[in-house]
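Coordinate inspection notes
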Amino acid sequence: MSSTPPGQTPAGWYPDPNQPGMLRYWDGSAWTEHTNQQSQVANPGYQTYAPGMTGKPTNHLVPAILTTIFCCLPFGIVSIVKASQVNNLWDTGQYVAARKASEDAKKWWLVSLGVSLVLFVGYFVLVIALGIGTASTSSNF
Amino acid sequence: MTAAVYDLSHRDLRGPAAAGVAATVYLGAVAVTDPFSAMTVRGVAIECPIHAATGGFCPGCGSTRAVHELLHGDLVGSLVCHPLVLPLVGLLAYLWVSWIARRRGRDPWWARTPTELPAAVPMLLVVGFVALTVVRNVPGFEWLPPPDVAP
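Since the structure is predicted, the reported quantities are computational estimates derived from the model, not experimental observations. (Residues numbered from 1 in each chain as written. Chains lettered and ligands numbered in written order. Predicted model: local features only at pLDDT ≥ 70, side-chain atom pairs only at ≥ 80, totals over all residues.)

**What about the interface of chain A and chain B?**
By a widely used convention, the size of an interface equals the accessible area lost when the partners come together. On the side of chain B, 26 residues touch chain A, which itself brings 34 residues to the contact. For the side of chain A that touches chain B, the elements supplying multiple residues, two or more each, are helix H1 (61-70), helix H2 (75-91) and helix H3 (95-137) of chain A. For the side of chain A that touches chain B, the leading source of residues is H3 of chain A, giving 10 residues. Split by residue class, the side of chain A that touches chain B holds 22 nonpolar, 11 polar and one charged. (Contact = placed C-beta atoms within 7 Å. Helix = DSSP H or I, 4+ residues; strand = E, 2+ residues; numbered from the N terminus. Nonpolar A, V, L, I, M, F, W, Y, C, P; charged D, E, K, R; others polar.)

**Looking at helix H4 (residues 63-71) of chain B**
Most of H4 of chain B sits out of view: eight of its nine residues are buried. Taken together, the buried positions of H4 of chain B are Ser63, Thr64, Arg65, Ala66, Val67, His68, Glu69 and Leu70 of chain B. Those residues of H4 of chain B hidden inside the fold are in contact with H1 of chain A together with helix H2 (14-32), helix H5 (75-81) and helix H6 (85-103) of chain B. (Buried ≥ 20, exposed ≤ 12 C-beta atoms within 10 Å, placed from the backbone.)

**Observations regarding the confidence of the model for chain A**
Chain-level statistics for chain A give a pLDDT mean of 75 and a share of 72% at 70 or above. Under a pLDDT of 50 for its full length, residues 1-5 of chain A has, in the predicted model, five contacts with residues more than four places off or in other chains. (pLDDT = per-residue confidence, 0-100.)

**Examining the nonpolar core**
Within the largest apolar cluster, 38 residues are counted, with the highest numbers of intra-cluster contacts made by Ala64, Ile65, Cys72, Ile80, Val86, Ala98 and Ala105 of chain A. If you list the elements that add at least two residues to this core, you get H1, H2 and H3 of chain A together with H4, H6 and helix H7 (120-137) of chain B. Examining the composition of this core, we find that nine residues originate from one element, H2 of chain A, more than from any other. Leaving out residues up to four positions away in the same chain, Ala98 of chain A has contacts with Pro57, Val86, Leu89 and Trp90 of chain A. (Core = buried A, V, L, I, M, F, W, Y, C linked by C-beta atoms within 7 Å.)

**Side note on H6 of chain B**
In an α-helix, one turn spans 3.6 residues, which is why side chains three or four residues apart end up on the same side. Along its 19 residues, H6 of chain B runs 26 Å from first to last C-alpha, staying within 8% of the 27 Å computed at 1.5 Å per residue. Among all positions of H6 of chain B, only Val85, Leu88, Leu95, Ser98 and Trp99 of chain B are buried. The arc enclosing the buried residues of H6 of chain B, seen along the axis, measures out at 150 degrees, which places them on a common side. Exposed and facing more than 90 degrees away from the buried side of H6 of chain B are Gly90 and Ala93 of chain B. Buried residues in H6 of chain B make contact with H1 of chain A together with H2, H4 and H5 of chain B. (Expected span 1.5 Å × (residues − 1). Arc of directions from axis to C-beta.)

Here it is in structure tokens:
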């Protein structure tokens with residue numbers, strides 16, 4: 001992954017961290033004094049100055065919590081850690097890092113879900129196989 | 001309510017409705033079963049595979065029992081089984097109600113999406129889960145074990 005590190009966000013128009021509804025020009029290393037109405041986001045050409053960064057990414061907190069509780073694995077906690085970073089990164093203008101944290105949060109709850117499904121289904125199949133074996137020698141069945 | 005049914009926006013409530021149905025089915029199943037006894041399949045007791053394999057307690061261990069205690073009105077019992085379940089049920093219920101409010105085109109001052117929550121909320125959850133997992137599993141610190149190990 002060669003995503004842009006925080007502080008090296010490409011120059012362009014981004015949501016102004018201090019004035020909701022406004023866009024401010026980021027010259028690649030610092031905010032400039034140039035601002036614009038957010039309503040221009042509705043223009044078809046908005047993607048030229050905010051590619052793929054038109055809204056705050058979701059932090060995946062709910063699936064992170066549910067996989068922590070239900071999947072019996074520590075990966076869900078990693079997902080919650082990533083979820084906790086999304087909002088702050090976005091609000092401080094680190095859009096690339098915020099998007100990365102969001103993707104990481106999603107990745108870790110998916111890992112938690114996937115690994116636990118394999119473990120639980122495998123275990124269940126094993127127990128049913130054992131159960132059949134036990135039943136064949138048990139007078140209860 | 002009648003107006004909302006004929007409002008186009010009611011279609012947006014399918015997500016919250018599906019979540020509500022899933023939660024009701026889960027809570028109903030936990031309420032009428034006994035998570036303190038091991039589940040058996042064909043006469044074989046099923047233990048949690050993680051606990052069976054490692055002997056340790058996972059971050060969610062005891063949560064089903066905590067939900068069961070909560071549904072039977074025993075708040076202290078719920079906190080003993082898993083101290084984070086009570087606050088988490090409250091948090092998820094709050095996010096669900098917020099979700100419905102937003103989907104109905106309203107924006108009450110109290111409504112928040114998960115992303116809009118203060119950063120302290122997920123950070124406290126991380127601290128809580130890590131601390132709970134450590135105190136349950138580290139030798140010499142095994143206070144607060146789940147009362148009876150079962151799935």
